[in-house]
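Coordinate analysis (summary)
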Amino acid sequence: MTVRTRFAPSPTGFLHIGGARTALYNYLYAKKNRGAFILRVEDTDAERNTESSMDIILDSMKWLGLNWDEGPRVGGEYGPYNQSERSDIYDRYLGQLEENGYVYEENDAIRFRVPDKTITVNDEICGDVSANLKEQGSRRYNQETKQEEEANPDIVIRRPDGSYIFHFVNVVDDIEMGITHVIRGEDHISNTPKHLALFEAIGAIPPVFAHIPLNLNPSGSKMGKRDEGALIHEYRDGGFLPEAVNNYMALLGWSAKDDTEIFTMAELTERFDLPGVTKSNSKFDFTKCKWVNAEHLKRLSPEALLEAARSFVDDANLPADDPRMPAALELARERAEVLAEIPDVIETIFAEEATYDDTSVEKVKGREGVADVVKALRDGLAGVDDWNVDSIKAGIAAAAEGIGAKMGALMLPCRVGVMGTTSGADLVPILELIGKEGVLKRLDIFAGKMA
Ligand code: GLU
């Protein structure tokens, strides 16, 4: 049997991290088993659906690299992949249910007769979950009267306006598209007995079900679209690597047996499995997500780092093709957790002059004898012939010795004098990249401020 999984989003205008994680698990499971990953658009709710809202979801999926084997934009044998274009298929299945006496009409809606028996979902993650739909649906709480009242347990599968309800089309499509494994959020587990009843009435073998626990926000409630880190397109804009986002999402509800945390996509594909999915809800942690990204940044080849950083570097008007850029990026990746932080770390290297931060300047200015220190530094560095990290260090050390100071005492004035601020990347490599002329020019300007 070829494994066929699917991700079945409704077009809501964004890809939420919870949905993206579901897509990822389906993708990994299919790829691990050399199966197919299908993207199906559940757009029967006409009001909410627009083409552009689907585009954002598809673009986010593409950015993550969760390429679907069948679905919108790529086609496939079982299309169309938008539910809004599959009405004739649903009509056909409805006809079959009608013929076999499983449905009836009531107030222009069509209802499916639920069986009066216990239905058990053998879920791969949650274990057995049972329900008797007839009993469960026969009573309903009335919000207005605040009382329980009798209800019709039979499920509406077609509305009076002729549109179909989620439960029905979801099941029909899983049958039609040959889906073997349904991996979806735990919020759907209460729907699954209804789905199993429909599978049985249609006479189809149901797929394997695996409901994954929810992803909560740091305060423990269901993560909403306004929570930090909720929307996938914001990761792209914020300078995350798609592979890192996939890695972090994988960890949100799954762990490897040996507690490894950093994975490439290929490693995830090999190692992901359903028994490793946790049974309890996961909690989103943006700090950890950034850490995972930083780890991925550290592992990029220099070429891939430049490629990934290019748009951020361009947007900051920094020269991506400057021969010093690869070395600058090496310094940056030691400090930046996301690509968007890189320009800040390296811009001083390519600037004409330092941009001085007043507080940092004041801090240095308050030191006794600082004018002499800056002068000694300037002269020491002016004497360095072969401008590289070692000789620059030697130059600073010699300058310190000349005025009877420790080398460490010269570092802060040097940093603020050249970079304009007390913080930032490793100083000496930055001095090397700025170049001798630029460094001396900056120290001259700084000496003026210290006088
Ligand atoms: N369209 C449903 C949702 O977005 C998909 C349910 C399923 O995966 O079966 O929640």
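Residues numbered from 1 in each chain as written. Predicted model: local features only at pLDDT ≥ 70, side-chain atom pairs only at ≥ 80, totals over all residues. Heavy atoms only, no water.

With that settled, consider the nonpolar core. Met61, Tyr235, Ile346 and Leu381 are the most contacted members of the largest nonpolar core, which has 100 residues in total. Here this core takes 9 residues from helix H1 (residues 17-32), the largest share from any one element. Excluding anything up to four places from it in sequence, Leu381 contacts Trp387, Ile392, Ile396, Lys436, Val439, Leu440 and Leu443. The next biggest cluster of nonpolar side chains, apart from the first, holds 33 residues, and it includes Ile89, Val171, Ala197 and Leu198. (Core = buried A, V, L, I, M, F, W, Y, C linked by side-chain atoms within 4.5 Å. Buried < 20%, exposed > 50% of the residue type's maximum accessible area, 1.4 Å probe, protein only. Helix = DSSP H or I, 4+ residues; strand = E, 2+ residues; numbered from the N terminus. Contact = heavy atoms within 4.5 Å.)

In this section: the packing of helix H14 (residues 358-365) against helix H19 (residues 436-450). The N-to-C vectors of H14 and H19 enclose an angle of 70 degrees; their axes lie 10 Å apart at closest approach. With respect to each other, H14 and H19 are oriented roughly perpendicular. At the point where H14 passes H19, the crossing takes the right-handed sense. Between H14 and H19, the contacting residues are Val361, Val364 and Lys365 on the first element and Phe446, Lys449 and Met450 on the second. Grouping the amino acids of the contact of H14 with H19 by side-chain chemistry returns 4 nonpolar, no polar and 2 charged. (Axes fitted to C-alpha atoms, helices over the stretch in contact; angles between N-to-C directions. Parallel < 35°, antiparallel > 145°, perpendicular 65-115°, else oblique. Left-handed = near helix turned anticlockwise from the far one by under 90°. Nonpolar A, V, L, I, M, F, W, Y, C, P; charged D, E, K, R; others polar.)

What follows covers the packing of helix H15 (residues 370-382) against H19. Orientation of H15 relative to H19, taken along the N-to-C sense of each, is 165 degrees, at an axis distance of 10 Å. Between H15 and H19, the angle is such that the two are roughly antiparallel. In terms of crossing hand, the pair formed by H15 and H19 is left-handed. For the pair H15 and H19, contact is made by Val370, Ala371, Val374, Leu377, Arg378, Leu381 and Ala382 and by Lys436, Val439, Leu440, Leu443, Asp444, Phe446, Ala447 and Met450, respectively. When its residues are assigned to classes, the contact of H15 with H19 shows 12 nonpolar, no polar and 3 charged.

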